[in-house]
Amino acid sequence: MGLELYLDLLSQPCRAIYIFAKKNGIPFELRTVDLIKGQHLSDAFSQVNPLKKVPALKDGDFTLSESVAILLYLTHKYKVPDHWYPQDLQARARVDEYLAWQHTTLRRSCLRALWHKVMFPVFLGEPVSPQTLAATLAELDVNVQLLEDKFLQNKAFLAGPHISLADLVAITELMHPVGAGCQVFKGRPKLAAWRNRVEAAVGEDLFQEAHEIILKAKDFPPADPTTKQKLMPRVLAMIQ
Amino acid sequence: MGEGTGPGALARHRDPGLQLASCGCGAWHRLNMALELYMDLLSAPCRAVYIFSKKHDIPFNFQFVDLLKGHPYNKEYIKINPLRKLPSLKDGKFVLTESVAILYYLCRKYSTPSHWYPPDLHIRARVDEFMAWQHVAFQLPMKKMVWLKLLIPKITGEEVSAEKMDHTVAEVKNSLKLFEEYFLQDKMFITGDQISLADLVAVVEMMQPMAANYNAFLNSSKVAEWRMRVELSIGSGLFREAHNRLMQLADWDFSTLDPVVKEKI
């Protein structure tokens, strides 16, 4: 059995891995783990990832969680073009810096934006107070601005002149609030131009394919009570 | 110019005091020029960088940025790191933030012993996995414990509700459980028989609640034993020195807290 990637393209980190693997022609079996149906909570999946999260990787007997670790694993194993994770000490450090920063900042904001704006009210049927939503969107705004001011600045891509893992992780995060109807690129021409460059570097078809599901998040049918009960505790823990 | 040009090769230069090394990326780096490390050892990520640098005799100037005095918000520091967070590294003109990125940078630039960040694909992945996981699952609950149990009561004069405390304690215990069952398991260290960056980052995070008199190592003898191994690998003297300021936090006179800092809190 070759490389298996356990993904749900609803999830931002899964999209980054999907795009990276496809773009670099890395052969893999896609194992879809349907988050909406709670498949990540199954006993079968916990054999792959006891932490019960996607993405997860299985390569023979070797299993791995955490998208950043998975991206780095694929980078090293499949010897992808240098620009994804440059050999140059300082350029590589810039990628590491972004990948470390984003966990508690942009990722968190993007996740909360999707859940507070769409997933709670539409999918889980749970109302979200206007204050909570406003606070979440304000926080998102701050982090998107930091992305532009501190990381992108006047460069073509986040870590330098070429696309890297940092851009892939960032763009897939931003598509979360985009899927929720937030216009994160509005009034941000620099960031919008960067988004276009990233999409062009990845390939428009692959980019659209990876984002098909998130862009339809508003149309998800409401969860049935059993599923809702199953998902709620972990959702609440995830977005706090 | 030198003897060989592969990774780790040293070069003799016209200036005999100038030591250069190649880390494999093709560029030559000046090894003996001191780094600037902007830190306050109250912060766990700063302790990881401090311990690692001292352990490997990496030349650096300790730029003390006092969290308790609100120094991260000073104009001078904002120029270094507009995010106002610690630690930051300055290597000539190159400024780097995020302790994980800094640790990886130091490993590569100073060619530290390979067990800290092993070259084996699978073993390295385990380090990367922990380093990624810990941001949300580990660091946040440990920090929260100090805020809720020590800082908020000391600063505001009010205790935090029992419900909130219980919730945070549960979070910390859950993180520790995951750490033990998924990352440590029955191994000596996270990657196996030798200490790595993952153990260093884990231990400094786990020490954080000590400031609030919460001993995270009491939950499990396995974790307690692991901690002793990590401390011994680092060197008890260095470990204690790095944690001195943290352990004294509870005794600090919070009435002298800078009003700006108090407001931010």
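Residues numbered from 1 in each chain as written. Chains lettered and ligands numbered in written order. Predicted model: local features only at pLDDT ≥ 70, side-chain atom pairs only at ≥ 80, totals over all residues. Heavy atoms only, no water.

Going by an unreviewed UniProt entry, chain B carries the name glutathione transferase and comes from Callithrix jacchus. Database annotation for chain B, UniProt heading Subunit (unreviewed entry): "Homodimer." Taken directly from UniProt, the Catalytic activity (unreviewed entry) text for chain B runs: "RX + glutathione = an S-substituted glutathione + a halide anion + H(+)". (UniProt positions renumbered as here; feature names shortened; annotations may be inferred.)

An unreviewed UniProt entry lists chain A under the name glutathione transferase, with Callithrix jacchus as the source organism. Looking at chain A in UniProt, the text filed under Catalytic activity (unreviewed entry) is "RX + glutathione = an S-substituted glutathione + a halide anion + H(+)". Here chain A is described in UniProt, under the heading Sequence similarities (unreviewed entry), as follows: "Belongs to the GST superfamily. Theta family."

Draft legend 1. Inspection of the interface of chain A and chain B at higher detail. Each side of the interface is counted separately: chain A has 31 residues, and chain B has 34 residues. The salt bridge involving Arg-108 of chain B is made with Asp-96 of chain A; its shortest N-O contact spans 3.2 Å. The interface formed by chain A and chain B includes eight residue pairs in polar contact (both at pLDDT 80 or more). Among the secondary structure elements, those contributing two or more residues to the side of chain A that touches chain B are strand S4 (62–65), helix H3 (67–77), helix H4 (89–101) and helix H6 (130–152) of chain A. Tallying contributions element by element places H4 of chain A first for the side of chain A that touches chain B, with nine residues. (Contact = heavy atoms within 4.5 Å. Salt bridge = Lys/Arg side-chain N within 4 Å of Asp/Glu carboxyl O. Polar contact = N/O pair within 3.5 Å; in protein donor to acceptor, adjacent residues only side chain to side chain. Helix = DSSP H or I, 4+ residues; strand = E, 2+ residues; numbered from the N terminus.)

Draft legend 2. Layout of helix H1 (residues 44–55) of chain B. Residues and elements named next belong to chain B. In a regular helix each residue adds 1.5 Å, so 12 residues correspond to 16 Å; H1 covers 16 Å between its end C-alpha atoms and thus fits that length. For H1, the buried fraction is high: 10 of the 12 residues fall into the buried class. By the burial criterion, the buried members of H1 are Ala-44, Pro-45, Cys-46, Arg-47, Ala-48, Val-49, Tyr-50, Ile-51, Phe-52 and Ser-53. Downstream of H1 by a residue or two, Asp-57 has a phi angle that is positive, lying close to 50 degrees. (Expected span 1.5 Å × (residues − 1). Buried < 20%, exposed > 50% of the residue type's maximum accessible area, 1.4 Å probe, protein only.)

Draft legend 3. The arrangement of the environment of Arg-112 of chain A in detail. Tracing the chain through its elements places Arg-112 of chain A in helix H5 (residues 106–123). With 65 residues separating them in the primary sequence, Arg-112 of chain A and Pro-177 of chain A have C-alpha atoms 8.7 Å apart.

Draft legend 4. Examining the sheet that holds strand S6 (residues 88–91) of chain B more closely. All names here are of chain B. Spatially, four strands are ordered S5-S4-S6-S7 in an open sheet, and the strand pairing comes out mixed. Either end of the sheet is taken by a strand with one partner, and the two such strands are strand S5 (60–64) and strand S7 (94–97). Going across the sheet, the axis of each strand differs from the next one's by a mean of 20 degrees, ignoring polarity. Across three bridges, strand S4 (residues 35–39) lies against S6 in antiparallel orientation. Within the sheet, the bridge partner assigned to Leu-37 lies in S6 and is Leu-89. (Pairing = 2+ DSSP bridges. Axes fitted to C-alpha atoms, helices over the stretch in contact; angles between N-to-C directions.)

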